[in-house]
Amino acid sequence: MPSLEAVCSRLFGSRGWVPKVGLGGALSFVPVLNLFALGYLLAYARRLRRSNRFELPEWSEMNWVELFLGGLRIFFLLAIYAGIPLLLGWILSLALYFLSFGLLGVVAYLPLALCAFFSPVLFLGSLYLYLTRESLAEAFQVKFLLRIVRSTWKPLALPVVCFWGIFVLALPLYGLSFFIGQWVLVSYFFSLRGKKAY
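Let me begin by describing the structure that accompanies this report. Note that this is a predicted model, so its numbers are computed, not measured.

Right, let's get into the packing of helix α2 (residues 17-28) against helix α7 (residues 174-193). The geometry of a pair of packed helices is captured by two quantities: the angle between their axes and the separation between those axes. Interhelical geometry of α2 versus α7 gives an angle of 125° and a closest axis separation of 7 Å. Accordingly, the angle class assigned to the pair α2 and α7 is oblique. Crossing geometry of α2 relative to α7 is assigned as right-handed. Packed against α2, whose contacting residues are Trp17, Lys20, Val21, Gly24, Gly25 and Ser28, the element α7 presents Tyr174, Gly175, Leu176, Phe179, Ile180 and Trp183 at the interface. Of the residues that constitute the contact of α2 with α7, the class distribution is seven nonpolar, four polar and one charged.

Overall, the coordinates contain 24 aromatic pairs when judged by the stated rule. Taking the centre distance of 3.9 Å and the plane angle of 5° together, the rings of tyrosine 40 and tryptophan 59 count as stacked. Placement of the pair is tyrosine 40 in helix α3 (residues 34-51) and tryptophan 59 in the loop between α3 and α4 (64-99), with a sequence separation of 19 residues. The positively charged end of arginine 49 is found above the aromatic ring belonging to tyrosine 128, 4.2 Å away from the centroid. Arginine 193 extends its terminal NZ or CZ atom over the ring of tyrosine 128, reaching a point 5.1 Å from the ring centre.

Reading the values: rules and limits
- Residues numbered from 1 in each chain as written.
- Predicted model: local features only at pLDDT ≥ 70, side-chain atom pairs only at ≥ 80, totals over all residues.
- Heavy atoms only, no water.
- Axes fitted to C-alpha atoms, helices over the stretch in contact; angles between N-to-C directions.
- Helix = DSSP H or I, 4+ residues; strand = E, 2+ residues; numbered from the N terminus.
- Parallel < 35°, antiparallel > 145°, perpendicular 65-115°, else oblique.
- Left-handed = near helix turned anticlockwise from the far one by under 90°.
- Contact = heavy atoms within 4.5 Å.
- Nonpolar A, V, L, I, M, F, W, Y, C, P; charged D, E, K, R; others polar.
- Phe/Tyr/Trp six-rings, centres within 6.5 Å; stacked < 30°, edge-to-face > 60°.
- Lys NZ or Arg CZ within 6 Å of the ring centre and 35° of its normal.

What follows is the structure, encoded as structure tokens:
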């Protein structure tokens, strides 16, 4: 099993990653334009899945229409597998907090913490399934998705915690931290899965 350190060394040791990540991070700040950044991450994940190449593609090689359409697909998967769980976790946590009259303190936010932990794993699993046949229907194969989550949540524990930690600490730079975090998570997840079908 590849280590997170080895994957990060490979990513941040590659030549020319700074301007590519910089542009992706800058686009991630702007509504609608952030779809191009998501589409770029999809193009990277597709290439990584097919050829195990960790180098980010050149922005100049990208078809901007395809990036936008790909970004819409990724945004849809993010909304379903990350947005909905986070919203439900937030609602459950608020309900626990108010029903306990605040006596539970931070413990009331356990549902939100659990949802925040598993939502990136669910999203990565859905992205992986989507890329098996380039079909959104594949991303909703719940049986296979749960199998992937069950086999990868333990090795993904540290990367997911790091992702949220950096995202929260660097909140004013949320676009850049989100883009870099997703780049690392996608790279590590796909290196864990290899070319397995499911």
